[in-house]
Amino acid sequence: YEIPTSLRSASVPLSPPMERRQWSLTDFDVGKFIGEGKFGKVYLGREKQSGYVVALKVIYKTKLEKYRFHGHLRREIEIQHGLDHPNVLRLFAWFHDADRVVLVLEYAARGELYKLLRSVGHFSERTAATYVASLAGALAYCHKKQVIHRDIKPENLLLDIEGRLKIADFGWAVRSNAKRHTLCGTIDYLAPEMVEKKAHDYAVDNWTLGILCYEFLYGSPPFEAAEQQDTLMRIVKVDLLFPKTRDISADAKDLICKLLVKDSSKRISLDDILKHAWIVKNAEPSGSCIEQKASA
Ligand code: AMP
């Protein structure tokens, strides 16, 4: 994997006076197309004055109207703009013109964690523990700011140039004090209380962390089934099996069992995840981890 040397200088943050500026597309050199989401396209960009490399997410207003998504976008912007954590993708600024809304985002040079996971099959315990610790730290930070993400899944996790995990896409996140009732998110990552349409709170993110930890180590989520209905049934029953196909440490399984607990109040807390023996023994303190294709 070759990272262009021109991007290696991208670790200087935008300085505060620049953040306060009124931005427009003319402030950026727009570079290569990175990818396309439901609402728009993402391009590599370079801020002309500082040379700082960013990702520009260009969203067409016509699409927003079609999907009646204004509220979600505004929420995504408000939530992400207020967050500043090494494992949460920064939203530096945003602006709009007649046709488009443009988000100026931190550039995650190594792209989607999901693609890496699919290409290597599964991660080593060191990589999995590093990502779980990064997620636990980021979620603890979000929860302290009263933000529940609710859509943590590999597609929403990006990796920066140093292989540091970044939570992206706050389209579904909510700011919350109270318990909520809406069903949302991808089916494999749904917590039992969401499947059963009961009130849910911060603990849904802890459940998802258990699902991800399992998926990082085994390559597929634990309650996967051919039919969606069967996945939902397995979630509600917490029908958790550890296949013999991989030799996973007892410590890792212990943490997964403490996260995938039906009673949300009994799930291990984010702080205790960071103190768990598996994390302490395996996670890279720097949070930076680059999994090679020939993983263990
Ligand atoms: P999205 O619209 O957020 O679904 O993004 C569309 C595509 O662009 C996905 O393939 C993402 O991996 C990629 N992408 C989005 N934001 C960034 C970013 N900040 N850095 C690098 N790639 C990104």
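In this text, all values refer to a predicted model and were calculated from it rather than measured experimentally. In every chain, residue numbers begin from 1 and rise along the written sequence. With pLDDT at 70 or above as the cut-off, local features in this predicted model cover only qualifying residues; side-chain atom pairs require 80 or more to be listed or tallied, and sums for whole chains, interfaces and linings still use all residues. Here the side-chain values reflect all heavy atoms present in the structure, with hydrogen atoms and water set aside.

**Examining the environment of Glu-193**
On the secondary structure map, Glu-193 appears in helix α6 (residues 192-195). Assessed through its relative accessible area of 7%, Glu-193 is described here as buried. Linking Glu-193 and Lys-262, residues 69 residues apart in sequence, is a C-alpha distance of 7.9 Å. In terms of polar contacts, Glu-193 uses its side chain to reach the side chain of Arg-267, at 2.8 Å. Only DSSP runs of H or I covering at least 4 residues are called helices, and only runs of E covering at least 2 are called strands; the numbering of each starts at the N terminus. In this scheme, a residue with accessible area under 20% of its type's maximum is buried, one over 50% is exposed, and one in between is partly exposed, where area comes from a 1.4 Å probe on protein chains only. Any pair of N or O atoms that falls within 3.5 Å is considered a polar contact. Within protein, one atom must be able to donate a hydrogen and the other to accept it, and sequence-neighbouring residues count only if both atoms are side-chain atoms.

**Structural notes on the confidence of the model for the chain**
Within the chain, residue pLDDT values average 84, and 83% of them lie at 70 or more. Every residue in residues 1-17 is under pLDDT 50, and counting partners more than four places away or in other chains gives 19 contacts. A score from 0 to 100, pLDDT tells how confident the predictor is in each residue. Contact between two residues is taken to exist if any of their heavy atoms lie within 4.5 Å; hydrogens are not considered. Contacts from residues 172-185, a stretch scored under 50 in pLDDT, to residues over four places away or in other chains number 50 contacts.

**Some remarks on the site of the ligand**
Note on terminology: near, applied to a residue and a molecule or strand, indicates that one of the residue's heavy atoms is within 4 Å of it. Inspection of the region around the ligand gives 14 residues, with Gly-37, Lys-57, Glu-106, Ala-108 and Glu-112 positioned closest. A distance of 3.0 Å is found between an oxygen atom of the ligand and a side-chain nitrogen or oxygen belonging to Lys-57. At a separation of 2.7 Å, a nitrogen atom of the ligand approaches a polar backbone atom of Glu-106. Accessibility throughout is a Shrake-Rupley quantity obtained with a 1.4 Å probe, and a residue counts as covered only by protein chains that appear here. Computed on the free molecule, the ligand has an accessible area of 480 Å², of which 84% lies beneath the protein chains in the complex. With three residues, strand β1 (residues 28-36) is the largest single contributor of residues to the shell around the ligand. Per-class residue counts for the shell around the ligand are eight nonpolar, two polar and four charged. Gly counts as polar in this scheme, as do all residues outside two lists: the nonpolar Ala, Val, Leu, Ile, Met, Phe, Trp, Tyr, Cys and Pro, and the charged Asp, Glu, Lys and Arg.

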